[in-house]
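Topology and contacts: notes
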Amino acid sequence: MSVSDSQQNRLAWMVVLLLFTGSVLNYVDRAVLGVVMPQVRRDLSLTNADYGLAVNAFLVLYMIFYILGGRVADRVGCRRTFSLTIVFWSIASMLHALAQGLRSLCFFRALLGMGEGGYYPTAMRGAAEWFAPENRAKAVGLFLCGLSVGALLTPPIVAWIAGQYGWRASFLATGALGLLLVPPWLLLHRRIAHIYGKQDPAPAYRQETGSDSSPEEELSLAEVLKRRKYWCVL
């Protein structure tokens, strides 16, 4: 089926809109603990050092899966990895409601870091698939601003839920929001598959790696670490 430029552009921005929403929820779920920290520390009898361990359990796994998540997204594409990371981190966030002490809290924070760490490389892959380089920065900027929106929304929403129903309910409610994002993502890609048929539904990426261009360079992680531009970005 022939796809017009305007139709392709609409589909691309619908993808980015869902990536933006995922970015908002990504930040909301990681920030819940900071808002309800006084109640959590009191109920679980945590010291300052204990709370620091829980925070770092998230950060260490987040760092590791920022790299591993990018590798997964490169291999299986944005469509599958988006659903995988959101379902994983949403369930991990909801599991915080079952925390009974330091060990379980650290374990659930680590799971959250695993799921959330893979999301932004996945979103970058989505932007690369749907937008040519001259337009890609706009798409990336849009879903990255979801971090700021999430930071703005989290304190009042989470504080209200925790005040009404307790801190455990705040993890259940915010975690469940991520699961609600999966159906529209799947429906959008069902529509994309119907429009594009058997074509690769990643037009910008296909144009960059078309049959008349050189094959994409495959680099191992060790080779990436040797590159100067990687360390500049880092």
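Our structure is the block above this text.
A brief report on the enclosed structure follows. No experiment lies behind these values; they were computed from the predicted model shown.

The full count for this structure, using the stated rule, is 10 aromatic pairs. Taking 5.9 Å as the distance between ring centres and 55° as the angle between the ring planes, the aromatic pair formed by phenylalanine 82 and tyrosine 119 counts as tilted. You can see phenylalanine 82 sitting in helix H3 (residues 78–95) and its partner tyrosine 119 sitting in helix H5 (residues 119–130), a full 37 residues away along the chain. Summarising the burial analysis for this pair, phenylalanine 82 and tyrosine 119 share the class buried. With 5.3 Å between their ring centres and 80° between their planes, tyrosine 119 and tyrosine 120 make a pair best called edge-to-face. Take tyrosine 119 and tyrosine 120: they sit in the same class, and that class is buried. Following the ring pairs from residue to residue traces out a cluster consisting of Phe82, Trp89, Tyr119, Tyr120 and Trp185.

Bringing helix H7 (residues 146–165) into the picture now. Every α-helix winds through 3.6 residues per turn, so residues three or four apart in the chain are directed the same way. Compared with an ideal rise of 1.5 Å per residue, which puts 20 residues at 28 Å, H7 spans 27 Å between its outermost C-alpha atoms and is within 8% of the ideal. Residue threonine 154 marks the point of greatest curvature in H7, where the axis turns by about 35°; the proline proline 155 follows within four residues. Considered for burial, the residues of H7 that qualify are Gly146, Gly150, Thr154, Val158, Ile161 and Ala162. Along its buried surface, H7 packs onto helix H1 (5–44), helix H6 (133–144) and helix H8 (167–196). Just beyond H7, the residue with positive phi is glycine 166, at close to 100°.

Another point: the side chain of arginine 30. Here arginine 30 lies in helix H1. For arginine 30, a relative accessible area of 19% puts it in the buried group. Sequence-distant contacts of arginine 30, that is, excluding residues within four places in its chain, are made with Phe58, Tyr62, Arg109, Leu112, Glu116, Tyr120 and Leu147.

Side chains of Tyr66, Ile67, Leu221, Leu225, Trp231 and Leu234 sit close together on the surface and give an oily, nonpolar patch of about 580 Å² of accessible area. Of all the secondary structure elements, the ones that give two or more residues to the nonpolar patch are helix H2 (48–76) and helix H10 (221–225). Residue leucine 225 is classed as partly exposed on the basis of its relative accessible area, which comes to 34%.

Moving on to the pattern of salt bridges. One pass over the full model with this rule turns up four salt bridges. In this structure, the salt-bridge partner of aspartate 43 is arginine 42, at a minimum N-O distance of 3.6 Å. Given the relative accessible area of 57%, arginine 42 is considered exposed. Here arginine 125 makes a salt bridge to glutamate 129, at a shortest N to O gap of 3.1 Å. In this pair, arginine 125 and glutamate 129 both sit in helix H5, four residues apart, roughly one turn of the helix. The residues arginine 125 and glutamate 129 share a single accessibility class, namely buried. Here the residues in one salt-bridge network are Asp74, Arg125 and Glu129, joined through shared partners.

Next up on the list: H1. With 40 residues, H1 extends 56 Å between its outermost C-alpha atoms, agreeing within 8% with the 58 Å of an ideal straight helix rising 1.5 Å per residue. Most pronounced at methionine 37, the bend in H1 amounts to some 70°, and the proline proline 38 follows within four residues. Serine 45 occupies a position one or two residues after H1 and carries a positive phi of about 55°.

Remark: H7 packs on H8, axes separated minimally by 7 Å, with the N-to-C direction vectors making an angle of 130°. Comparing their axes, H8 and H7 come out oblique. As H7 runs across H8, the sense of the crossing is right-handed. Two secondary-structure elements touch here, H7 through Val158, Ile161, Ala162 and Tyr165 and H8 through Trp167, Ala169, Ser170, Ala173 and Thr174. Looking at the contact of H7 with H8, its residues break down into seven nonpolar, two polar and no charged.

Definitions and limits used
- Residues numbered from 1 in each chain as written.
- Predicted model: local features only at pLDDT ≥ 70, side-chain atom pairs only at ≥ 80, totals over all residues.
- Heavy atoms only, no water.
- Phe/Tyr/Trp six-rings, centres within 6.5 Å; stacked < 30°, edge-to-face > 60°.
- Helix = DSSP H or I, 4+ residues; strand = E, 2+ residues; numbered from the N terminus.
- Buried < 20%, exposed > 50% of the residue type's maximum accessible area, 1.4 Å probe, protein only.
- Expected span 1.5 Å × (residues − 1).
- Bend = angle between axes of the 7 residues up to and from the residue.
- Contact = heavy atoms within 4.5 Å.
- Patch = residues over 30% accessible without salt bridge, like charges linked within 9 Å, V, L, I, M, F, W, Y side chains within 5 Å.
- Areas by Shrake-Rupley, 256 points an atom, 1.4 Å probe, with all protein chains shown as cover.
- Salt bridge = Lys/Arg side-chain N within 4 Å of Asp/Glu carboxyl O.
- Axes fitted to C-alpha atoms, helices over the stretch in contact; angles between N-to-C directions.
- Parallel < 35°, antiparallel > 145°, perpendicular 65-115°, else oblique.
- Left-handed = near helix turned anticlockwise from the far one by under 90°.
- Nonpolar A, V, L, I, M, F, W, Y, C, P; charged D, E, K, R; others polar.

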